[in-house]
Each structure stands twice: as structure tokens, then as C-alpha cells.
Amino acid sequence: MNYPHWQLAIPGGMLIALVAVLHVFVSHFAVGGGFFLVVTESIARRRGDGELLSYCRRHSKFFALLTLVFGAISGVGIWFTIGLVSPEATSTLIHTFVWAWAIEWVFFFVEIAAAIIYAKTWDSLDGREHLIIGWIYFVAAWMSLFVINGILTFMLTPGRWIETHNFWDGMFNPTFMPSLVARTAVSFILAGIFGYITLPKVEGREKVARWAAMWMVAGAVVLPLGLMWYFSRLPQFSQFYLNGLIRGVRHAVRGGVGFTLAALAIALICGVWKPRWMRPGVVTALVVCGLGMIGAGEYLREFLRKPWVINQVIYANDIRAAQVEALQAKGVSRTANFLLADDVTSEAYGQNLFHLQCGSCHAAGGYRGMRQRVDGWDADFAADILQHIHMLRGTMPPYAGDAQDRKALGKYLASLNPAWQFQVTDANRLEVGEKVFGARCGHCHTVNGNYRPLRGAFEKATPAQVAEVFPALGDMSSNMPAFNAPADQAAALAAYISHEANRPILHTPIPEQMPTGSNHSQLMRPASPRQEVR
Amino acid sequence: MQTIPIPHVDPLPLPGPVWLFTALLLVVFTLHVVLMNSALGGGIWTLWNYLRGRHSEHPYSRRLANELAGMLPTFLAFTVTLGVAALLFVQVLFGNFLYASSILIGSLWLMVIPLVMVAYYGYYYFSYRAEKGTGIAGCVLAVSVCVLLGIAFIFVNNMTLMLAPERWLAMYRAHPNGWNLNLGERSLVPRYLHIVNGAIALFSAILAHLGMRKMKTDAEYGRWLVQRAALVFAACTGGQFLLGMWLLLAIPREIAMTLLRDPLAGGVFGLGLMSVILAMLLILLGSLAEKPSPLVHAGFGMSVVTLFLMVCLRYLLRLAYLKPYVDLGGLAVQPQVGVIVLFLLLFVGGLATVGYMLWLVAQGRRPVAAAR
């Protein structure tokens, strides 16, 4: 609200994720790969193994070109991106951790200098001195990971910092250590994966292939332990996301495990068993698996923090938790600095609100696009349900605006799709009912699933009995919007719910706990629980 | 009437005293500019001599281009590294202005990242191919240099826009997608030219200094380099006066008047003028003799001093621009003393480590640049 909102065609969070995934991929290689290089070099020198030494030399050139340029510059890219997408959060991080970053910068500086010198002095330094440079590189690189890890974990688990605002509490927060272990393990895996890129064609091929595989195995053994430790330290609301109710999270978990196992399998088969098979195509597959592993990991890390960017302090849409109440009371138009429309009743203003409040995670179309998610919403329903937006799967910040703002945004959301018109017949009644359910109830309920199941309420109810409940919905729970669907849709919905709730099923649904508006605040904001807007 | 929207400062206190952040900012920014001048000015020098050196009658140009080729990637590496530090500290003090202006030109601002990568890989490519003297290598170098010039332009846009909040809202409404430039700024062009020309000037001073060292191993080549660098330095510095005057005329009168009214700004400005004249005299006198004398080194030192003074002046002018909106003295401060001390210790340790590595390299059998 404080800053202009940079309007992108994709959600801002997605841009950050894209930059971050690429950077994390290379920067973790920069840590693990540095270790890999010095250890390999010192073994080669100790054994007088010329083949291995010439591999190190070639690998170090590749290493420098990738990490110094792409790795370092993409890191600056993250800085640029977060400043553009979440200036408020960036500012708070800077005010908390500028000295941590300054310290990290010192390590970064040493790291860059060492990497350049290491790659250039294979001929001019003797073995021992060259190794010293290599070790300096590795220590500096790992230390910069150490420091950044503190800031990154802080964002999800600020721990005691919330009360003390003490630097060290924020830095060495509850997930600092587990995350450090997991990241170090990842850097080993990546050291192995990238080790194959410069795999010698003939001499020393088998040796290097097996050696790189060992790094991957070592990393892959430690990684699950680190992750389990990490997950056990997560705040409750993050742990809920792992219960499988959210498709993206499900896919990410499976993908992360799958890619890691696939990489490991490739390493064991084509690295250890038959190094002959480690052809460029296979290496490419391996690199893709590595990227997939990082992508899944970063996706999860970002998702588990939703709806926050800094847990309990700033929401993902860059609105401070402390501002929400004022925004709900005064409205956005009287609070925001940079608005694109002056007429608060216009659709343009609604669109502006959409960008401000939802744009960090949604765009109108495309990935996590709004259009398909609000299909079937009319302006009134949209304005109403916005009050409960934080209830929809628990991943979203509360709506920060007044009634006027909700109306404008509702109007915009409704304008994304043509209004629904149905010819309800006996043949399509259930089908229409299912669609209506998806638009009006499915965001918060299932009938027979584990997500706020309705079966208990409607088992044995006839369509007419179900329909009788509709007018009361708005009063039934302070977290539910009022029901205002046209009569034909309501009838179809009632038929659908009644049909589903009376269908025989194998397992009775067990309601899963979800982070919701009310328990979000219990779980996350001990200081001043947000008032429910009514 | 629309009021001028200024994002409010962060609710958290500053984790260190303003003077410390200011001092760090001025120092790292000066170093950043020195390196940037080496990367950009050096690129221009290299390109010119590379093209010239393709004719056999200019062997020294060719040699110079080859020698610089290996250094360009390193210059760029440290330009970025020091730039990061400057960006860090400027955010602490002026974050609310910088974030806003960056967002307004967001799409271009973000383009800086891929552009730096392109320039950087181009420099690496050139450093591997320069000796062969191919046309493609020359083209790649030219692209890298142009890209760096483009990046400098984006930076100048942002750095001027952050000082002009009165332009923000209209600009945002025109293009909320970040495809803006601060073209309405009268000082944009002179400022840009001042900086690019200054980069060539400062790198010429660096080359004069390097040439003096070269004279120890190859007197004739060294002298050629010193004299050439000195001439370019003098020409560019002369140009710098004209551009500087244009710049002064282009900035708003009230701001320019601070140079007269504010004793600190006026003093820094006066010292800067004196030091640049001194630098020019020293370098010219030192280099024009039959055997260039160590005055050149002093001239090089003076030109870095000039740069530092100009950086300070730039900072003071920024304060003048933002005077209606900022009160650095009024910011809440809660120094994280322990962490600051740790940083300073590590900083010294880091410098020592880098020094130690350079010492190792110097002890090595062959110099770094030649060993690649």
C-alpha cells in the first residue's frame, strides 16, 4: 500500500520463484562444488594422480564460469526482484539484518576473489598453495550460505524475535540448524551432479564417475534427515499444508522425492555401475533432475510460508499484519500511496485492488490464474466471500479493505467470466450442481473428502431439505458467505449435495485440521489477533 | 489536488548509526565506481586498441588489448561485488525512495541482471579469444561494452528518479508495468555523459599508473602507454569540466545553489575542483617528460581522491534534493553493537585473507594474468 505495485503479467511471487530456483541451483553448487574441487584436488595431489588433477583443472574453469557469472549475478537478481515485488518486506529484512548481509558480503567478496585466483593459478602456484586458495574459497562460500540461511529461515520461523526483536534470536531461529544441514546436503548432491558435466572422455572416466556418485549418495543420505528435522520444527500452520489437501504441495512433495531418487538412481547405474553409460544425454537428465529437486524444494519452502512473507509480520502481498485493521476500517483508497484509479466504485479500481491484494500470488489468467478460480461468482457473492478469503485452504492473507473495496474487487472478479446461464434438465442437474458446488462451496468444503466434509450435515437429507438450509448459511458460521445463487442453480446444488451425501462410500471422512482465519491467528499471531470482519 | 506520495520509512529502527552507514556507503560506492570505471572505461579502451591493433603497424595497441582482455572479467566481477555492498547500504538510508523509483522502472531495472550476465560472459569470451585477434571477438567485446553503457543508462535513470517523487504518480499511472524511463529529467543526459566520460578518464589515469610499472620491464612500451593514457586522461578531464557545467545548469536552481550556500557542499566542490586540476597537472607533467616520472602515480592518486570527493558531493546533492522528504537525523536508531563489531572484525579479516591470497599469487612463479 506504501509502494507502487509493479504490475506484471505473472504473479510477483512466481517471478521471485523463477529467479530464486535458478540462483539456488547454482549457488548451492558453488558451495558443494567448491568443496568437491579442493577435496578432489588434494586427493589427486597426494596420490600423484595426473588424470584426476587435469579433471580438477578443467572442472574448475567450468565451475568459475558458472558460479562467478551466473551464480553471483543471479544472486543480485534476487535482491532486485524482492525489492520490486515486496519492497515492504525487503525493507524490514534490511532493517533487521543489514549487518548480517554486510557480513555475508565479506564472505562473498573473499569467495569471489578466491574463485578467480583458484581458476587462474593452476600453473603459477605450487600444489600446497593452490589448495590453500581452494580451502579459503570453500570456507568463505559455506559461511555465506551459513549467514543467508539465517535470514531465509527467519522468514518462516522468526521464533523469539517476534517478542525480543533481537538480532541473534532472529538469526539462530528454530529452523536455522535443520535448514543448514539440508542445504549443505543439497550442495553435495549438486557437486556430484555438476561433476559429471566435465567428465573426462577416456582417461580417468570411471574414477571420476564413481567419485561424483559418492558425493551424491552422501548428500542423499543426509538430506532426508535434515528435512525431517526441518519439518518437525515448522510452525503448525505450515505442517497442515503437508497433509495433502493442496494439490500443488502434493505435487511438489512427490516431485522433490521423485527427482532426487531419479538422480540417485542415475548416479548409481550410470555413475557407479556402468560409467560408460554416462553420456551427455544422461548427464542432461541428471541436471534436469537436480533442477527439479531444487524447484520442488523452493516451491515447498515458499508455500509453507503462505500467507506470509515474514511470518507474523508481513503478508505475501506485502501488507503488514499491523496494517490490516486500519485498512479494513479506513479502506484502501484512503491509505494507499499509489492508486491507478480515483473512482472507488469503478471496475478499474477493483482491478487495481486485485493487483495490490492478490497480484503477488495470482494473475488474471495463467498459473494460479484467477479466471478459472472465480468462475460462477457474481459480484455480490464475490464481495461477500472476500471477507473469508483467508479461509479458502488457509493459504491467503485476510482481505485488507473496507466494504466499498470489497464491492469494487467483487465487481472486477465477476467481470472475469461471463455470468452463468443454465438450462437445467433432469439429465444435467447433477452436473450443473457439481459446478455450482465448485463455485460456491468447494473452496471451503468437500462432501465426502477430508476437507471440511459436509456429509455429516446432509447425510439422509433430500434435495428439498438441503435447499432449506441454504438461506441460513450466512448466519451459520461467521466464516461462511451468505447464499445468493439463482433458484435454478440452488436447486441443482441441493440435488447434487443430497446425491453425494447419500452415496455409499468406503471410508467416513475424517475432517483434517486446516489453518483457518481463526486458528491462523492463534497459531501465528499471539500479539494481537485480527478481528473477524462482519 | 494530488499530494506527493512518499512511502513511509520502515517501522523498525535503524540497526546502526546514520554516520556509519553513510561512511560505509561513501567508501564502498567510491570503490564500486573505480571498478565500474575499470570495467566500462577499460572495455572502451580495450575495444579501441583491439580494433587499432588489428593493423600490424600498431603492435602496442594489440599488446595492450591482449593484456587488458584478461582483466576485464575480474573488473566486472568486483564492480558487481562492490555494487552489491553499495546497494545494501543505500537501501538502509534511502530504501523508501529507491524501492519506489526502482518499481516505476521495474521492467528495465530487472533487465540489468540478464544484461550484466551478457556483458560478463562476453568479457570472458573475449578474454579467451583476444590473442587470436578475430573479428568475432571484437564484435563480442563491442556488444559487452554497449550493454554496459545501457546498464549505466538504466542506473542513471533510477538514481535520478529516486530524487524526483513529484514525478512518480503520473509516471506510475502512465505505465504501471515498469516500462518507464526518467526522460523528463533535464539532468539525465549530462549526468549520463558525465559518468561515462568520467569512466574513460579515470581508467586512463589507472592506465598511466600501470604504464609506469610496465616501464620497468619494457621501457618503450611503458612510455607509450603512459603518454597515451595521459593524453586521453587530459582530454576526457577537459570534457568532464564542460559536461559538469552542463550538469550543474541542468539541475534545479535551488539544488545547485546548495553549492554556494552550504559550506560543506561548497567546500567539497571546491576541493574537488582543485584536486582534479592537480591530478591533471601531475599526470601531464609526469608523462610528457622524455622519461615519465613518478608524478604520474601522484596524479593517479589525486584522480581517485577527486572521485571520492565527487561521490561525497553527489551524496550531499542527494540530501539537498530529498530535503523536503527526509530527515536522516530524525530516524530511530538502535545499534546492533555486537553485530557491528563482528562485521568490522570480519571485514578486516576478509581484507587480510584477500591480501594473503594476493601475496601468495605474487610469490608464485608467474603472474596471475599470464597464467590463464
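Residues numbered from 1 in each chain as written. Chains lettered and ligands numbered in written order. Predicted model: local features only at pLDDT ≥ 70, side-chain atom pairs only at ≥ 80, totals over all residues. Heavy atoms only, no water.

Trainee: Would you explain the overall build of chain B in this entry?
Mentor: What chain B contains, in helices and strands, is 13 helices and zero strands. Across chain B, helices and strands are ordered from the amino to the carboxyl terminus as α-α-α-α-α-α-α-α-α-α-α-α-α. Its C-alpha atoms give chain B a radius of gyration of 22 Å, near enough to 21 Å, the size a compact globule of 372 residues would have. The principal-axis extent of the C-alpha atoms belonging to chain B is close to 70 × 45 × 40 Å. The buried share of chain B, reckoned over its 372 residues, is 55%. Sequence-distant contacts in chain B: of pairs separated by 6 or more residues, those separated by 24 or more amount to 82%. (Helix = DSSP H or I, 4+ residues; strand = E, 2+ residues; numbered from the N terminus. Rg over C-alpha atoms; globule rule 2.2 N^0.38 Å. Buried < 20%, exposed > 50% of the residue type's maximum accessible area, 1.4 Å probe, protein only. Contact = heavy atoms within 4.5 Å.)

Trainee: Looking at this structure, how should I read the overall build of chain A?
Mentor: Assigned secondary structure in chain A consists of 22 helices and two strands. Expressed as a percentage of the 534 residues in chain A, the buried residues total 61%. Split by element, the accessible area of chain A, about 20,700 Å² in all, is 61% carbon and sulfur. In chain A, 44 side chains carry a positive charge and 36 a negative one; their mean positions are 8 Å apart. (Areas by Shrake-Rupley, 256 points an atom, 1.4 Å probe, with all protein chains shown as cover. Lys, Arg positive; Asp, Glu negative; His and termini not counted. Charge placed at Lys NZ, Arg CZ, Asp CG, Glu CD.)

Trainee: Explanation requested: the interface of chain A and chain B in the structure shown.
Mentor: For an interface, size is often stated in terms of accessible area lost upon the parts coming together. Listed per partner, the contact involves 67 residues of chain A and 77 residues of chain B. Taking both sides of the interface into account, the surface hidden between chain A and chain B amounts to around 6,800 Å²; carbon and sulfur atoms contribute 76%. Between the two partners, chain A and chain B, sit two salt bridges. Across the pair Arg320 of chain A and Asp10 of chain B runs a salt bridge, and its minimum N-O distance is 3.0 Å. In this assembly, chain A and chain B are joined by 15 residue pairs in polar contact (both at pLDDT 80 or more). (Buried area = accessible area lost by both parts, 1.4 Å probe. Salt bridge = Lys/Arg side-chain N within 4 Å of Asp/Glu carboxyl O. Polar contact = N/O pair within 3.5 Å; in protein donor to acceptor, adjacent residues only side chain to side chain.)

Trainee: Is there a simple way to explain the domain arrangement of chain A in this structure?
Mentor: The assigned domain composition of chain A is domain 1 (12-232), domain 2 (325-415) and domain 3 (429-525). Using C-alpha coordinates to define each centre, domain 1 of chain A is positioned 40 Å away from domain 2 of chain A. (Domains from an automatic or database assignment.)

Trainee: Before we go on, may I ask you to explain the state of the cysteines in this structure?
Mentor: Residues and elements named next belong to chain A. Applying the stated rule across the entire model yields zero disulfides over all chains. Cys444 provides the cysteine sulfur closest to Cys441, a residue in no disulfide bond, and the two sulfurs are 8.7 Å apart. Here Cys441 falls in the buried class, since its relative accessible area comes to 11%. On the basis of relative accessible area, Cys444 is assigned to the buried category, the value being 11%. (Disulfide = S-S within 2.5 Å.)

Trainee: I tried to follow the environment of Ile94 of chain A on my own but got confused; where do I start?
Mentor: Take Ile94 of chain A: it is sitting in helix H3 (residues 87-120). Those residues within four positions of Ile94 of chain A in sequence are excluded, and the remaining contacts are Trp79 and Trp101 of chain A together with Pro15, Leu88, Gln91, Val92 and Tyr99 of chain B.

Trainee: Mind showing me how you'd approach the packing of helix H10 (residues 247-273) of chain A against helix H11 (residues 280-304) of chain A here?
Mentor: Residue and element names in this part refer to chain A. The interhelical angle for the contact between H10 and H11, taken along N-to-C directions, is 150°, at an axis separation of 8 Å. Relative to H11, H10 is oriented roughly antiparallel. For the element pair H10 and H11, the recorded crossing hand is left-handed. Facing H10, whose interface residues are Gly248, Val249, Ala252, Val253, Gly255, Gly256, Phe259, Thr260, Ala262, Ala263, Ile266 and Cys270, H11 presents Val282, Ala285, Leu286, Cys289, Gly292, Met293, Ala296, Tyr299, Leu300 and Phe303. The class makeup of the residues in the contact of H10 with H11 is 17 nonpolar, five polar and no charged. (Axes fitted to C-alpha atoms, helices over the stretch in contact; angles between N-to-C directions. Parallel < 35°, antiparallel > 145°, perpendicular 65-115°, else oblique. Left-handed = near helix turned anticlockwise from the far one by under 90°. Nonpolar A, V, L, I, M, F, W, Y, C, P; charged D, E, K, R; others polar.)

Trainee: Would you mind showing me how to read the pattern of salt bridges here?
Mentor: In a structure, side chains of opposite charge can pair up when their charged atoms sit close to one another. All names here are of chain A. As enumerated under the stated definition, the model contains 21 salt bridges over all chains in all. One salt bridge in this structure joins Glu41 and Arg45, with 2.7 Å as the shortest N-O distance. One end of the pair is Glu41 and the other is Arg45, both in helix H1 (residues 12-47) and four residues apart, which spans about a single turn. Given the relative accessible area of 0%, Glu41 is considered buried.

Trainee: Got a minute to help me understand the nonpolar core in this structure?
Mentor: Nonpolar side chains tend to gather and get buried jointly when the protein is soluble and globular. Within the largest apolar cluster, 237 residues are counted, with the highest numbers of intra-cluster contacts made by Trp99 and Tyr196 of chain A together with Phe89 of chain B. If we ignore the near neighbours within four places in the chain, the residues touching Trp99 of chain A are Pro15, Gly16, Leu20, Phe21, Leu24, Phe89, Gln336, Val339, Ile340 and Phe343 of chain B. (Core = buried A, V, L, I, M, F, W, Y, C linked by side-chain atoms within 4.5 Å.)

Trainee: Looking at this structure, I do not really get helix H10 (residues 263-288) of chain B. What am I missing?
Mentor: In an α-helix, one full turn covers 3.6 residues, which means residues spaced three or four apart are oriented alike. Residues and elements named next belong to chain B. Compared with an ideal rise of 1.5 Å per residue, which puts 26 residues at 38 Å, H10 spans 37 Å between its outermost C-alpha atoms and is within 8% of the ideal. For H10, the full list of buried residues reads Ala265, Val268, Gly272, Ser275, Val276, Ala279, Leu282, Ile283, Gly286 and Ser287. Those residues of H10 that are buried are in contact with helix H7 (188-217), helix H8 (219-250), helix H9 (253-261) and helix H11 (295-322). (Expected span 1.5 Å × (residues − 1).)

Trainee: Would you explain empty space enclosed by the protein in this entry?
Mentor: Across all of its chains, the model carries four cavities of 30 Å³ or more by this definition. Trp79, Phe80, Gly83, Leu84 and Thr90 of chain A together with Leu87, Gln91, Leu98, Tyr99, Ser102 and Trp109 of chain B together form the lining of the largest cavity. Within the residue set of the lining of the largest cavity, elements represented by two or more residues are helix H2 (50-85) of chain A together with helix H3 (72-104) of chain B. Considering each element in turn, the lining of the largest cavity owes the most residues, five residues, to H3 of chain B. Considering only residue class, the lining of the largest cavity consists of seven nonpolar, four polar and no charged. (1 Å grid on protein atoms, 1.4 Å probe; cavity = no way out; pocket = protein on both sides within 12 Å on 5 of 7 lines; lining within 4 Å. Points joined across faces, edges and corners; volume = space filled by probe spheres on them.)

Trainee: Even after reading the chapter, I still don't get the confidence of the model for chain B, so can you show me in this structure?
Mentor: For residues with low pLDDT, the predicted coordinates do not support detailed interpretation. Residues and elements named next belong to chain B. Scored by pLDDT, chain B has a mean of 95; 97% of the residues are at 70 or more. Across residues 367-372, where pLDDT falls below 50, the model places 10 contacts with residues more than four positions away in sequence or in other chains. Per the prediction output, this complex has pTM 0.94; the corresponding ipTM is 0.95. (pLDDT = per-residue confidence, 0-100.)

Trainee: Looking at this structure, how should I read the domain arrangement of chain B?
Mentor: Residues and elements named next belong to chain B. On domain assignment, one finds that chain B holds domain 1 (14-185) and domain 2 (186-323). The C-alpha centroid of domain 2 is placed 19 Å from the C-alpha centroid of domain 1. Contact with domain 1, which involves 43 residues of that partner, is made by 34 residues of domain 2. Roughly 3,600 Å² of surface becomes buried between domain 1 and domain 2 when both sides are summed, with 74% attributable to carbon and sulfur atoms. It is Trp45, Tyr60 and Leu163 in domain 1 that bury the most area against domain 2; as a group they hold 21% of the surface buried on that side. Of the charged contacts in the structure, one is a salt bridge between Lys214 and Glu67, with a shortest N-O distance of 3.4 Å. Taken together, the links from domain 1 to domain 2 amount to nine residue pairs in polar contact (both at pLDDT 80 or more). Those elements that provide at least two residues to the side of domain 1 that touches domain 2 are helix H1 (18-52), helix H2 (59-69), H3 and helix H5 (135-161).

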